[in-house]
Amino acid sequence: MKKFLFPAILSLAAAISLNAAVVATVDGENINDTDISALLAAAMPGFDASKLQPNEKKRIIDDLINRKLLLKDAKASGIEKDPEYIKAVQAAQEGIAVELYMRKIFDGIKTSDDELRNFYNKNKDSLNQPAQARASHILVEDEKTANAIIAQLKNLKGDALAKKFAELAQADSIDKGSAAHGGELGWFGQSQMVKPFADAVFSMSKGSVSTKPVKSQFGYHIILKEDSKPAGVVSFEQAKPQIEQAVKMEKFQNTIRQKGDALRAKAKIEYK
């Protein structure tokens, strides 16, 4: 069993809400914000729809409008009576039935703390965590603008520095995704960022801000280093959620394999 559709199914189910906000209408038929969430869940599992920029949201709404119009035209053409349509619907229903059935089996699998600790002890040598940093940045297009921002941050420290940095990030950063959160990038390892940026961050001390702009292929960065973690083995408590999923998946695969063998033993199977 190599592929599971559980996350997509759960995301689509989670997108359904009785309090959906209408974002557009097509010939009197509503398009809701949950339609946007469902589309994103299928295309980009895990993406937070609330982080969409207005222009991105507008493009998705336009896509949903087009889909509604195409669906209406398809139904008017009699597509629902087409043998290929009927066959495709049946296949989709069967696929969903199997996936939900397996999800119920997976959810019913239990793990003990001893099992998780044994897994951790056997695999902890492979659970090394690289050094990490937490930082915010302001990204601008030219060095002159970057230097002007650095000048505004000069001599500020602590909460005053963090507050001013967030204000400038929201106002001036061209990285709109992080700008909406005051430039916050969260925790990351050195290999997760482009080299000029990573080299700068990991050479900075906690609580410090760039004294010079850091140039990368994206533009000029002003960086606020918020915290750091040294390299080391991930603790059991840190790794426990991932370990639980790994142990459950191993048990699930064994359960499905055994169930499959038992069902095959009772079935009449002919290869032709």
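Keep in mind that this is a model prediction, so the values were computed, not measured. (Residues numbered from 1 in each chain as written. Predicted model: local features only at pLDDT ≥ 70, side-chain atom pairs only at ≥ 80, totals over all residues. Heavy atoms only, no water.)

Trainee: What is the right way to look at the UniProt feature "domain: PpiC" (unreviewed entry) in the chain in this model?
Mentor: The feature "domain: PpiC" (unreviewed entry), as annotated in UniProt, sits at residues 130-227 in this numbering. End C-alpha atoms of residues 130-227 are separated by 14 Å, and the span's content is 40% helix alongside 28% strand. (UniProt positions renumbered as here; feature names shortened; annotations may be inferred. Helix = DSSP H or I, 4+ residues; strand = E, 2+ residues; numbered from the N terminus.)

Trainee: Whenever I open this one, helix α3 (residues 54-76) confuses me. Can you help?
Mentor: An α-helix turns once every 3.6 residues. As a result, residues three or four positions apart point the same way. Here α3 contains 23 residues, and its C-alpha end-to-end distance of 33 Å stays within 8% of the 33 Å for a straight helix at 1.5 Å per residue. All of the buried residues in α3 are I60, I61 and L64. Those residues of α3 that are buried are in contact with β1 (22-26), β2 (29-32) and α2 (33-43). Downstream of α3 by a residue or two, G78 has a phi angle that is positive, lying close to 90 degrees. (Expected span 1.5 Å × (residues − 1). Buried < 20%, exposed > 50% of the residue type's maximum accessible area, 1.4 Å probe, protein only. Contact = heavy atoms within 4.5 Å.)

Trainee: What is the right way to read the sheet that holds strand β7 (residues 219-229) from this model?
Mentor: Neighbouring strands of a sheet are bound in pairs by backbone hydrogen bonds; such pairs are parallel or else antiparallel. In space, the four strands of this open sheet follow the order β5-β4-β7-β6, with antiparallel pairing throughout. Each edge of the open sheet carries a strand with a single partner, namely β5 (184-189) and β6 (214-216). Averaged over all neighbouring strand pairs, the angle between strand axes comes to 45 degrees, with direction disregarded. Note: β6 against β7, three bridges, orientation antiparallel. (Pairing = 2+ DSSP bridges. Axes fitted to C-alpha atoms, helices over the stretch in contact; angles between N-to-C directions.)

Trainee: Explain the pairing of β7 here, please?
Mentor: Relative to β7, strand β4 (residues 132-140) runs antiparallel, the two being bridged by nine bridges. Looking across to β7, one finds that R134 is bridged to D227. Between the end of β6 and the start of β7, which pair antiparallel, lie two residues.

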